[in-house]
Amino acid sequence: MQVGGIGRVIVWSGGSLWIGRALARSEWHAHHAIQLCLGLSGQVRFCGEPDRQWSAYGGAFIPSDLGHEFDAVGTVVAHLFCEPESALGRSLLTRFGRERIVAVPSMEIEEPARRLGMAFDEGAPDEDLEAMALDLLHGLAGSVPSKAVDSRIARATLFIGQHLAEPLELEDVARHVGLSPSRFRHLFVAETGISFRAYVLWTRLQRALQLGFGGASWTDAAHATNFADSAHLSRTMHRMYGYAPTAIRQEIPAAARPLTA
């Protein structure tokens, strides 16, 4: 299988950072997370809906659930993801919009991107890179106000996250938050932008990636999140991220490398 990139993938609750050198163009895909892509050693190119035209960016904001392709072969890049249901995600969508890929002002990202790239080069620990990524996203969101997610949907997403290893049926989650299935189905789409089934699959994938990139085998990660097997997990990631899990080569941080004579 062609290697899509080599670097580090750090996944936390509600977001992730994928940082390293891109080695292959992605295929067309769409993911539920909001994405901020930074070219740390050059520009990056995206082709997205609705115009399907390729454009180059120093930094690009990609709204949730928007189909796109990515190309930055040979370039060191940072992909920052966050959930659109979060307060941070809603503020970012309020500022940058939901319809198309947009350029992020260079004056707002140049210095934090430089610091992030330097920390990566120096082999900073995961928690430091995570903190820098979140600071960057919060800086872009600023004080842009956002409407809070409906409390019943917030309880539903929390319940989903706590039961990823089990079968999850819409009727059971609707009952948990005190709504009829039909009302819950409508409200869930209105608040999250995607169907209940699609959201559950997305959330299972994020947890599986957290486990797999954290050191578990992809088979164990798949079983822990109710995927049929590692092949099912791989197909799902390929559809949502444009790459299979095994196309990303993890780079061991300098601080964690064994000493050699």
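Our structure is the block above this text.
Below you will find a few notes about this structure. (Residues numbered from 1 in each chain as written. Predicted model: local features only at pLDDT ≥ 70, side-chain atom pairs only at ≥ 80, totals over all residues. Heavy atoms only, no water.)

1. Describing empty space enclosed by the protein
Over the atoms rolls a probe the size of a water molecule, and its path tells where empty space is left. For the structure shown, the criterion picks out one cavity of 30 Å³ or more. Of the voids in this model, the largest cavity is the one considered here, and its volume is about 300 Å³. At the level of secondary structure, the elements contributing two or more residues to the lining of the largest cavity comprise β1 (5-12), β2 (15-22), β7 (68-71), β8 (76-82) and α9 (230-241). For the lining of the largest cavity, the class distribution of residues is twelve nonpolar, ten polar and two charged. (1 Å grid on protein atoms, 1.4 Å probe; cavity = no way out; pocket = protein on both sides within 12 Å on 5 of 7 lines; lining within 4 Å. Points joined across faces, edges and corners; volume = space filled by probe spheres on them. Helix = DSSP H or I, 4+ residues; strand = E, 2+ residues; numbered from the N terminus. Nonpolar A, V, L, I, M, F, W, Y, C, P; charged D, E, K, R; others polar.)

2. Here we look at unusual backbone geometry
Geometrically, the link from Glu49 to Pro50 is a cis peptide bond, its omega value of 0° lying close to zero. Secondary-structure assignment places Pro50 in the loop between β4 (44-48) and β5 (54-57). Phi angles above zero are rare outside glycine, and Asp65 is one such case at about 65°. Among the structural elements, Asp65 can be located in the loop between β6 (59-62) and β7.

3. Digging into the sheet that holds strand β10 (residues 248-250)
Strand order across the open sheet formed by seven strands is β9-β6-β3-β8-β2-β1-β10, with mixed pairing between neighbours. In the strand order of this sheet, the two ends are held by β9 (102-103) and β10, each with one partner. For strand β3 (residues 34-39) and β8, the ladder comprises six bridges, and the chain directions are antiparallel. Paired with Leu36 across the two strands is Leu80, which belongs to β8. (Pairing = 2+ DSSP bridges.)

4. Side note on the sheet that holds β5
Ordered by their spatial adjacency, three strands build an open sheet running β5-β4-β7, and the pairing between neighbours is antiparallel. With partners counted over all chains shown, the strands left at the sheet margins are β5 and β7, one partner each. Going from strand to strand, the sheet's axes swing by 25° on average, the running direction of each strand aside. (Axes fitted to C-alpha atoms, helices over the stretch in contact; angles between N-to-C directions.)

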